[in-house]
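Here's the letter readout for the chains.
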Amino acid sequence: MLDAGSVPLRMLGELRVEMPGVGPLPSRDFGWLFYGASRPLIELITRRQTERLSNLTVRSECQVLEITATPDGTMVTGVRYESADGRQAILAADLVVDASGRGAPTLALLRSSGQPVPDEIVIGIDLHYTTTTFVIPQDASTNWRGIATHPHAPERSRGGYMLPIEGNRWVLTLTGRLGERPPAEPDGFMDYARRLETQTIYNAIKHAERQGGFERYAYPASAWRRFDRMSSFPGGLVPIGDSICRFNPVYGQGMSVAAQEARLLNQLLKARATKADPLARLALAFFSESVPLVEAPWNMSAVPDLIYPETRGERPTDFESRLKYNDALIRTAMHDAAVHRLLAEVQQLLKPPSVLQDPAVDRLVRLELFQMARE
């Protein structure tokens with residue numbers, strides 16, 4: 001990453017996090033690095049690292065059309081794909097990993113063979129975001145190198161997230177929900193940035209040179225397919241990453257969870273290597289053990305997403321108390337460096353949320369809750 005130009009940032013000493021109602025979180029260096037890079041660079045590096053594996057062959061410019069299976073659909077036999085010249089072929093396989101993103105090949109196989117599809121938990125967020133890049137000016141702020149300006153929910157939904165990437169550039173994403181759509185033209189984009197919760201981002205880019213155009217995206221809903229609740233599943237098939245759970249992209253969790261799931265699958269395959277049938281019930285074991293990897297970040301994004309009354313989804317019975325507790329947790333992190341570090345480690349998926357349930361942390365948060373109730 002570094003050799004390719006990725007920009008290291010000290011967490012959280014060089015990342016400014018602006019929280020509505022409480023101000024910017026204190027600048028504290030917790031001893032680890034965050035790497036700023038464009039998605040094309042990340043994908044290029046990942047591909048090059050993958051191609052270094054001696055037992056791997058990459059078939060470029062091929063599109064998988066369907067997963068092939070036995071007539072009853074209970075055992076996967078490979079994939080049918082189409083190459084760039086339009087020719088189709090079948091690639092036989094003992095194990096197919098569906099990392100297609102939407103999981104459409106897996107769902108198509110289940111439906112075509114009359115098997116049940118997994119239940120889904122859906123949170124309709126109606127998120128829109130627009131991204132562009134700027135040349136980092138020579139007089140850029142020295143107090144921070146990356147910034148996150150969160151919206152004042154539920155009254156407003158405008159957010160801004162800017163990081164340094166390769167080529168001495170900032171990549172800036174402006175977000176909005178439920179009718180708030182960041183424009184994809186220069187004047188509208190700048191006006192949208194100017195009307196964020198603070199003008200920190202606007203002041204940084206108002207005289208900066210913009211590079212390239214604007215990329216707009218719409219993200220209607222987060223969805224968690226509960227494969228873990230299925231009692232049977234086709235042998236030789238494992239969906240992974242977004243095929244299982246599509247996270248709100250604002251929180252930056254999707255690729256991290258997919259990487260953790262890949263590591264889990266590797267561990268399961270290694271542990272089964274000496275068994276007579278190493279792939280037997282592999283998917284069901286994977287689904288079960290992947291639940292904690294998905295559940296923690298899902299809950300971290302679901303609660304703030306559901307704060308908007310228009311968000312579609314079932315709210316937990318203790319929803320209001322969770323919101324108040326989370327607010328008190330952030331306020332505690334403002335003045336307590338140890339709590340701030342734990343919160344950052346949980347948000348970056350370095351530690352499980354259970355560390356925030358430590359009695360000492362809980363006592364501090366409840367003191368903050370008491371103080372908030374008196375104000």
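For the structure itself, look to the data block above.
Conventions adopted
Residues numbered from 1 in each chain as written. Predicted model: local features only at pLDDT ≥ 70, side-chain atom pairs only at ≥ 80, totals over all residues. Heavy atoms only, no water. Axes fitted to C-alpha atoms, helices over the stretch in contact; angles between N-to-C directions. Helix = DSSP H or I, 4+ residues; strand = E, 2+ residues; numbered from the N terminus. Parallel < 35°, antiparallel > 145°, perpendicular 65-115°, else oblique. Left-handed = near helix turned anticlockwise from the far one by under 90°. Contact = heavy atoms within 4.5 Å. Pairing = 2+ DSSP bridges. Phe/Tyr/Trp six-rings, centres within 6.5 Å; stacked < 30°, edge-to-face > 60°. Buried < 20%, exposed > 50% of the residue type's maximum accessible area, 1.4 Å probe, protein only. Lys NZ or Arg CZ within 6 Å of the ring centre and 35° of its normal. Core = buried A, V, L, I, M, F, W, Y, C linked by side-chain atoms within 4.5 Å. Polar contact = N/O pair within 3.5 Å; in protein donor to acceptor, adjacent residues only side chain to side chain. Expected span 1.5 Å × (residues − 1). Salt bridge = Lys/Arg side-chain N within 4 Å of Asp/Glu carboxyl O. Arc of directions from axis to C-beta.

Further remarks concern the packing of helix α7 (residues 319-335) against helix α8 (residues 337-347). Across the interface, α7 lies against α8 with an axial gap of 6 Å and an inter-helix angle of 125°. Taken together, the axes of α7 and α8 are oblique relative to one another. Crossing of α7 against α8: the hand is left-handed. Counted together, Leu329, Ile330, Thr332, Ala333 and His335 of α7 and Ala337, Val339, His340 and Leu343 of α8 form the full contact between these two elements.

On to the pairing of strand β6 (residues 76-82). Of the pairings in the sheet, the one linking strand β5 (residues 63-69) to β6 comprises six bridges and is antiparallel in character. Note on β6: the bridge partner recorded for Ala69 is Val76. The hairpin formed by β5 and β6 contains six residues between the paired strands, and Gly73 there has a positive phi angle of roughly 75°. As paired strands, β6 and strand β7 (residues 88-92) are joined by five bridges and run antiparallel to one another.

On to the sheet that holds strand β15 (residues 245-246), then. Strands sit in the order β3-β2-β10-β11-β12-β9-β13-β15 across an open sheet of eight strands; the sheet is mixed. Bordering the open sheet on either side are β3 (23-24) and β15, each of which pairs with just one other strand. The pairing of strand β11 (residues 159-165) with strand β12 (residues 169-177) spans seven bridges and is antiparallel. Its bridge partner lying in β12, Tyr161 is registered against Thr173. Contacts from helix α3 (residues 186-194) reach β9 (120-135), β12 and β13 (210-225), with the element oriented near 75° to β12.

A ring pair, where both rings are aromatic, is described by two values, the distance of the centres and the angle of the planes. This structure, assessed with the given rule, holds ten aromatic pairs. Ring plane angle 90° and centroid distance 5.7 Å describe the contact between Phe227 and Phe233, whose orientation is recorded as edge-to-face. An identical accessibility class is assigned to Phe227 and Phe233; each is buried. Here the basic side chain of Arg158 rests over the ring of Tyr192, its NZ or CZ set 3.8 Å away from the ring centre. The side chain of Arg226 reaches across the aromatic face of Trp224, ending 3.8 Å from its centre.

Bringing the nonpolar core into the picture now. Generally speaking, soluble globular proteins have nonpolar side chains that are buried together. Core analysis: the biggest nonpolar cluster contains 39 residues, and Phe233 and Phe286 have the highest contact counts within it. Sorting the residues of this core by element identifies β6, α2 (104-112), β9, β13, β14 (237-239), α5 (254-272), α6 (282-305) and α7 as the ones contributing at least two each. With ten residues, the top contributor of residues to this core is α6. Once you skip the residues sitting within four places of it in the chain, Phe233 turns out to touch Thr106, Leu110, Phe227, Pro239, Ala283, Leu284 and Phe287. By size, the runner-up hydrophobic cluster in this structure holds 20 residues, among which are Trp144, Ile147, Leu172 and Leu196.

With that settled, the discussion passes to the side chain of His128. Its location among the elements puts His128 in strand β9. Among the polar contacts made by the side chain of His128, one reaches the side chain of Arg181 at a distance of 3.4 Å. For His128, the contacting residues outside a window of four places in its chain are Leu174, Thr175, Gly176, Glu180, Arg181, Pro182, Tyr217 and Ala218.

The next thing to look at is α7. Its 17 residues place the ends of α7 25 Å apart at the C-alpha level, agreeing with the 24 Å of an ideal helix rising 1.5 Å per residue. On its buried side, α7 packs onto α6, α8 and α9 (359-374).

Time to look at the pattern of salt bridges. Taken as a whole, this structure holds 20 salt bridges when the rule is applied. Salt-bridge contacts for Glu180 lead to Arg158; the nearest nitrogen and oxygen are separated by 3.2 Å. Taken together, the residues Glu180 in the loop between β12 and α3 and Arg158 in the loop between β10 (146-149) and β11 connect sequence positions 22 residues apart. What makes Glu180 partly exposed here is its relative accessible area of 26%. With relative accessibility at 11%, the residue Arg158 sits in the buried group. Notably, a salt bridge pairs Arg194 with Asp191, separated by 2.5 Å at the nearest N-O pair.

Quick look at the side chain of Arg246 now. Within the secondary structure, Arg246 sits in strand β15. Discounting residues that sit within four places of it in the chain, Arg246 has contacts with Gly101, Arg102, Tyr219, Ala221, Ser222, Ala223, Arg225 and Trp298.

Let us look at α5. Helix length check: α5 (19 residues) gives 27 Å between terminal C-alpha atoms against 27 Å at 1.5 Å per residue, within 8%. Residues Val257, Gln260, Glu261, Leu264, Leu265, Leu268 and Arg272 constitute the buried set of α5. In an axial view of α5, the angular spread of the buried residues amounts to 145°, which keeps them on one side of the axis. Away from its buried face by more than 90 degrees, α5 exposes Met255, Arg263 and Lys270.

Right, let's get into unusual backbone geometry. For the bond running from Met11 to Leu12, omega is -10°, close enough to zero to count as cis. The topology assignment puts Leu12 in the loop between β1 (7-11) and β2 (15-19). Backbone torsion omega between Ala153 and Pro154 reads 0°, so that peptide bond is classified as cis. Looking at the secondary structure, you find Pro154 in the loop between β10 and β11. Here Glu61, not a glycine, exhibits a phi torsion of approximately 55°, which is positive. The topology assignment puts Glu61 in the loop between α1 (39-51) and β5. The residue Asp126 is not glycine, and still its phi comes out positive at about 50°. Along the chain, the position of Asp126 falls in strand β9. A residue is classified by how much of its surface remains accessible, and Asp126, at 23% relative accessible area, is partly exposed.

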